[in-house]
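Below, each chain spelled out in residue letters.
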Amino acid sequence: MEVVILPGGRPIAVLAADAIEALLKNKPDAVLGLATGSSPLPVYEELEQRHRRGLDFSRVRAFTLDEYVGLPPGHPGSYREVIRREFTGRVNISPENVHGPDGQAADVPAACRAFEEAIRAAGGVDLQLLGLGTDGHIGFNEPGSSLASRTRIKTLVEQTRRDNARFFSNLAEVPHHVITQGLGTILEARHVILLATGAQKAQAVRDLVEGPVAAICPASVLQLHPHVTVLLDEAAASSLRLADYYRHSYDSKPRWQGL
Ligand code: F6R
């Protein structure tokens, strides 16, 4: 796991966008794994600017991580709608190349299997962007999630509903259930870039990077992945014991290595 501590959200966005741009240069039909929430928004803005300068997404395939159960089509809080509004609709990714779990499926287990199958059929995710919940969740794999889990329905913890209430008109409107890629699903992405900013993420970052691998911090399962990049601002990195070592490693790393 590589931990990169940067002065703020903007350099984080630039570095993540550099990795995506480098991937698309090598593989124009790459499969991107997209997160919603606040953390990736500066990355999406940076990619939109690069698209205006010529970065082409026309052959990109994209899979979102998760979706609320039961929101009506077009609901502004639905992750299908959020990802279209914040990113895929602002660059030239064809709508038919954007896939997400079906939060309205009558047969949820069948929809989850179909989603997993669609990821497999696309050849797997090349680069997965992740945010981090204050309770250590990735996707909507809340504490206690099986470290081997696949796409399935989950119940949100109340803190996550409160954290996300800002995207709805009130807390009561935030669904209790979601469909999320499992931790086992996320681990199959070839490169994972996790973004975390702000002091409210510091404890979860510490548990993710330096804690034991344990279901109480689902993100800690990323310690088992061979290619994870964790991009942090100073506040999110403030509880890390080895922060100086991570800074030194990144500063002295051969530039040809990239992320
Ligand atoms: C979003 C997702 C969540 C968020 C996490 C952090 O698709 O899967 O895991 O990444 O809740 O959210 P923000 O970035 O809003 O702090």
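Criteria and thresholds
Residues numbered from 1 in each chain as written. Predicted model: local features only at pLDDT ≥ 70, side-chain atom pairs only at ≥ 80, totals over all residues. Heavy atoms only, no water. Core = buried A, V, L, I, M, F, W, Y, C linked by side-chain atoms within 4.5 Å. Buried < 20%, exposed > 50% of the residue type's maximum accessible area, 1.4 Å probe, protein only. Pairing = 2+ DSSP bridges. Helix = DSSP H or I, 4+ residues; strand = E, 2+ residues; numbered from the N terminus. Axes fitted to C-alpha atoms, helices over the stretch in contact; angles between N-to-C directions. Near = heavy atom within 4 Å. Polar contact = N/O pair within 3.5 Å; in protein donor to acceptor, adjacent residues only side chain to side chain. Nonpolar A, V, L, I, M, F, W, Y, C, P; charged D, E, K, R; others polar. Expected span 1.5 Å × (residues − 1). Parallel < 35°, antiparallel > 145°, perpendicular 65-115°, else oblique. Left-handed = near helix turned anticlockwise from the far one by under 90°. Contact = heavy atoms within 4.5 Å.

A. View of the nonpolar core. Counting residues in each nonpolar core, the largest one holds 35 residues, and the members touching the most others are Leu132, Ile138, Leu194, Leu222, Leu232 and Leu240. Grouped together as the second largest cluster of nonpolar side chains are 32 residues, Leu6, Ala13, Leu24 and Leu34 included.

B. Layout of the sheet that holds strand E4 (residues 66–68). Strand order across the open sheet formed by 3 strands is E4-E8-E7, with antiparallel pairing between neighbours. Either end of the sheet is taken by a strand with one partner, and the two such strands are E4 and strand E7 (152–155). Taken over all neighbouring pairs, the strand axes of this sheet differ in orientation by 30 degrees on average, direction set aside. Taken together, the 4 bridges between E7 and strand E8 (residues 177–180) define a ladder with antiparallel strand orientation. When the bridges of E8 are listed, Arg152 appears paired with Thr180.

C. Just the site of the ligand, in detail. Near the ligand lie 15 residues; those nearest to it are Thr36, Ser39, Asp66, Gly139 and Lys201. Note that an oxygen atom of the ligand is positioned 2.6 Å from one of the backbone N or O atoms of Gly139. Broken down by class, the residue content of the shell around the ligand amounts to 4 nonpolar, 8 polar and 3 charged.

D. View of helix H1 (residues 9–26). A rise of 1.5 Å per residue sets the reference length of H1, with its 18 residues, at 26 Å; its end C-alpha atoms lie 26 Å apart and thus fit the reference within 8%. What H1 keeps buried is the set Ile12, Ala13, Leu15, Ala16, Ala17, Ala19, Ile20, Glu21, Leu23 and Leu24.

E. Representation of the packing of H1 against helix H2 (residues 41–52). Look at H1 against H2: their axes get within 8 Å of each other, and the N-to-C directions meet at 55 degrees. Classified by the angle their axes make, H1 and H2 are oblique. Relative to H2, the crossing made by H1 is right-handed. Two secondary-structure elements touch here, H1 through Gly9, Arg10, Ala13, Val14, Ala16, Ala17, Asp18, Ile20 and Glu21 and H2 through Pro42, Val43, Glu46, Leu47 and Arg50. Partitioning the contact of H1 with H2 into residue classes produces 8 nonpolar, 1 polar and 5 charged.

F. Summary view of the sheet that holds strand E1 (residues 2–6). If you trace the 7 strands from one edge of the open sheet to the other, you get E1-E10-E9-E6-E2-E3-E5, paired in parallel fashion. This sheet does not close on itself; its edge strands, each paired only once, are E1 and strand E5 (98–99). For strand E9 (residues 191–196) and strand E10 (residues 228–233), the ladder comprises 5 bridges, and the chain directions are parallel. Each residue of the ladder has a partner; that of Ala196, found in E10, is Leu232.

That's the geometry; what it means functionally is another story.
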